[in-house]
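# Inside the fold
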Amino acid sequence: MKTAIIAGIVAAAAAVGVAAVLAGMGPDQMDGQMMADEMADGGMMADEMAGGITVAASFLPIYEFATAVGGNTVSVSQLVPPGAEPHDWEPTVRQVQELQEADIIAINGIHFEEWLGDLDAYGGALVDTSAPVEVMHEDPHIWLVPTNAALQAREIAMALAEIDPGNADEYMSNADIFTAEMDALDADIRAGLEGCGTEFVTAHGAFSYFAEEYGLVQHAIIAGGDPHGEASPHDIGDAAAHAAETGYILAESPSRLVDATAAEAGAEVLILDPLETSEGPYEDVMRRNLGVLQQALCTQ
Ligand SMILES: [Zn+2]
């Protein structure tokens, strides 16, 4: 029975996208089916009877925010695994099942998780962590500002408190602790970049919010938000000119485009991690990023 359902999901997901499949099958129908299977093999039912809340988080930062506020009470899974590229991810069959079973699906939002398809299909379980954040230009990279990260984590905490009121105080106090950590990180970034240069060159434009928040100017080789997007000759030329001035390109990873632009500009490539394919943890990566920005901006 399970095999038949999964085969059906694979075929249909390939044809029309995951959310349409979920909507098409009807969540109740699918739940009932899987519940019956689970009771038969004694799988997930044990967890559900123990009252364990499950959160499916889209990618690393969201996973960390959910873990921070959920503490030991909540079981969090990460859909896009470390090393994979979240901009154009495709969920596996097992993950479609995980999404269907999760109490909460936590996403970044702002069209970052296009691979989830029609978000309305997930109903009340969906938590769009961008809701409390001020969004600019439909750019999804809000998580790279620690005070945004705190808001995103709190959004998940509020959703947990709503479905699990017995532990609401714990979720909200975890959110307070995380917010204090993010405020301290924010203060360190602010202090660490004080009096330094302001112009920096990136590969794809992941650091627009960061730049705006800390009074910097980002010049991206690939101006659009997607690392696999097209780079226009104009943008490459502009980035190369700024790289020649600043001496650095701050890229998520070396690539032919980055290396060629760096060679043309006589610039050095340093790694500035947008926490997309990285293994984290969030705070360590952000502190490493601060060190890289200091090397690029504060030593002239
Ligand atoms: Zn990105």
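Residues numbered from 1 in each chain as written. Predicted model: local features only at pLDDT ≥ 70, side-chain atom pairs only at ≥ 80, totals over all residues.

## Describing the overall build of the chain
Summing up its helical and strand segments, the chain has 12 helices and eight strands in all. For the chain, with 300 residues in total, the buried portion stands at 41%. In the chain, 56% of the contacts between residues at least 6 apart in sequence involve partners at least 24 apart. (Helix = DSSP H or I, 4+ residues; strand = E, 2+ residues; numbered from the N terminus. Buried ≥ 20, exposed ≤ 12 C-beta atoms within 10 Å, placed from the backbone. Contact = placed C-beta atoms within 7 Å.)

## Looking at the nonpolar core
Across soluble globular proteins, nonpolar side chains have a tendency to be buried as a group. In this structure, Val55, Ala66, Val69, Ala106, Ala153 and Ile156 are the most contacted members of the largest nonpolar core, which totals 54 residues. The element contributing the most residues to this core is helix α7 (residues 146–163), with eight residues. There are two domains that each give this core at least three residues, and those are domain 1 (2–188) and domain 2 (193–297). In this view, Ala153 contacts Phe65, Ala68, Val69, Ala175 and Phe178; residues no more than four positions away in its chain are not counted. Core analysis: the next-biggest nonpolar cluster, separate from the first, contains 22 residues, Ile221, Ala243, Leu293 and Leu297 among them. (Core = buried A, V, L, I, M, F, W, Y, C linked by C-beta atoms within 7 Å. Domains from an automatic or database assignment.)

## Looking at the packing of helix α5 (residues 60–70) against α7
Direction vectors running N to C along α5 and α7 enclose 55°, while the axes themselves pass 9 Å from each other. Comparing the axis directions of α5 and α7 gives the class oblique. Regarding α5 and α7, the two cross each other, and that crossing is right-handed. Residues Pro61, Phe65, Ala66, Ala68, Val69 and Gly70 of α5 pack against Ala149, Gln152, Ala153, Ile156, Ala157 and Leu160 of α7. Classifying every residue of the contact of α5 with α7 by side-chain character gives 10 nonpolar, two polar and no charged. (Axes fitted to C-alpha atoms, helices over the stretch in contact; angles between N-to-C directions. Parallel < 35°, antiparallel > 145°, perpendicular 65-115°, else oblique. Left-handed = near helix turned anticlockwise from the far one by under 90°. Nonpolar A, V, L, I, M, F, W, Y, C, P; charged D, E, K, R; others polar.)

## Thoughts on the confidence of the model for the chain
When pLDDT is averaged along the chain, the result is 85; 82% of the residues meet or exceed 70. Here residues 1–50 is a poorly scored stretch, pLDDT under 50, and it has 39 contacts once near neighbours within four places are set aside; other chains count. (pLDDT = per-residue confidence, 0-100.)

## Comments concerning the environment of Gly109
Positionally, Gly109 belongs in the loop between β3 (104–107) and β4 (126–128). For Gly109, a count of 22 C-beta atoms within 10 Å gives the class buried. Sequence separation between Gly109 and Pro140 is 31 residues, and the spatial gap between their C-alpha atoms is 7.0 Å. Not counting chain neighbours up to four residues away, the residues in contact with Gly109 comprise Asp128, Thr129 and Ser130.

## Considering the pairing of strand β7 (residues 248–251)
Judged by which residues are buried, β7 turns out to be covered on both faces: Tyr248 and Leu250 on one side and Ile249 and Ala251 on the other are all buried. The sheet contact formed by β7 and strand β8 (residues 268–271) spans four bridges and is parallel. When the bridges of β8 are listed, Tyr248 appears paired with Glu268. Once the chain exits β7 it traverses helix α11 (residues 256–265) before rejoining the sheet at β8, and the crossover so formed is right-handed. (Pairing = 2+ DSSP bridges. Right-handed = clockwise from strand over helix to strand, strands pointing away.)

## Overview of helix α6 (residues 93–101)
Within α6, burial applies to Val96, Leu99 and Gln100. Viewed along the axis of α6, the buried residues span an arc of 100°, placing them on a single side of the element. (Arc of directions from axis to C-beta.)

## Quick look at the environment of Ala244
For Ala244, the location among the structural elements is in helix α10 (residues 233–246). For Ala244, a count of 15 C-beta atoms within 10 Å gives the class partly exposed. A sequence separation of 21 residues divides Ala244 from Ala265, and the C-alpha atoms of the two residues are 4.5 Å apart. Non-local contacts of Ala244, meaning those with residues more than four positions away in its chain, are made with Ala265, Gly266 and Ala267.

## Topic: unusual backbone geometry
The linkage connecting Gly280 with the following residue, Pro281, adopts the cis geometry, with an omega of -10°. The topology assignment puts Pro281 in the loop between β8 and α12 (282–297). You will see that Ile110, though not glycine, has its phi angle at about 55°, which is positive. Here Ile110 lies in the loop between β3 and β4. The class of Ile110 is partly exposed, set by 19 C-beta atoms lying within 10 Å.

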